[in-house]
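What the coordinates show
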Amino acid sequence: MSAVAVHITDATFEAEVLRSPILTIIDFWAEWCMPCKRIAPILEELATENAGKLKLTKLDVDSNPKTPEKYGITGIPTLLVFKNGKVQDTIVGFLPKDRLASRLKPYL
């Protein structure tokens, strides 16, 4: 378990993501997903580097099917970038840190 990421569920999604006062990434992942495991430390680095401006949340799609269904998540890893309760960007698949940081920069 990550010390940086907030592990959320279908039940805590609204409070942790939609009501978040700062930019929030939701990482849709699963334990068996190798690209998910590759991107996790990159996300944690970015969250640490942008502490106070970026909140990282993780939702296990196997244990929480409602939220991925609601947002049309069909593959993982998928990242949804939320600001003020609205999706700003959708990032599907693994990206290296520099490309991921570039995608997030306009929202920070």
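Remember, it's a predicted structure, so these values are computed and weren't measured experimentally.

1. Quick notes on the pairing of strand S4 (residues 78-83)
Most of S4 sits out of view: five of its six residues are buried. Summarising the sheet, strand S2 (residues 23-29) and S4 pair through five bridges and their orientation is antiparallel. Bridge pairing in S4 places Phe 28 opposite Thr 78. Both S4 and strand S5 (residues 86-92) contribute to a ladder of six bridges, which runs antiparallel. Within the sheet, the bridge partner assigned to Phe 82 lies in S5 and is Val 87.

2. So, the packing of aromatic side chains
For the coordinates displayed, the defined rule picks out three aromatic pairs. Here the aromatic rings of Tyr 71 and Phe 82 are separated by 5.6 Å at their centres, their planes lie at 85°, and the arrangement is edge-to-face. Highlighted residues: Tyr 71 in the loop between helix H3 (66-70) and S4 and Phe 82 in strand S4, separated in sequence by eleven residues. Assessed through its relative accessible area of 25%, Tyr 71 is described here as partly exposed.

3. Some points on the pairing of S2
Summarising burial for S2: seven of the seven residues are buried, a large majority. Burial along S2 is two-sided: the residues Leu 23, Ile 25, Asp 27 and Trp 29 and Thr 24, Ile 26 and Phe 28 are all buried. Pairing geometry for S2 and strand S3 (residues 54-60), over seven bridges, is parallel. Of the residues in S3, the one forming a bridge with Asp 27 is Lys 58.

4. With respect to the state of the cysteines
Enumeration according to the criterion identifies one disulfide in this entry. A disulfide bridge connects Cys 33 with Cys 36, and the sulfur atoms are separated by 2.3 Å. Its S-S torsion of about 80° marks the bond between Cys 33 and Cys 36 as right-handed, since a negative value means left-handed. An identical accessibility class is assigned to Cys 33 and Cys 36; each is buried.

Rules used throughout
Residues numbered from 1 in each chain as written. Predicted model: local features only at pLDDT ≥ 70, side-chain atom pairs only at ≥ 80, totals over all residues. Heavy atoms only, no water. Buried < 20%, exposed > 50% of the residue type's maximum accessible area, 1.4 Å probe, protein only. Helix = DSSP H or I, 4+ residues; strand = E, 2+ residues; numbered from the N terminus. Pairing = 2+ DSSP bridges. Phe/Tyr/Trp six-rings, centres within 6.5 Å; stacked < 30°, edge-to-face > 60°. Disulfide = S-S within 2.5 Å.

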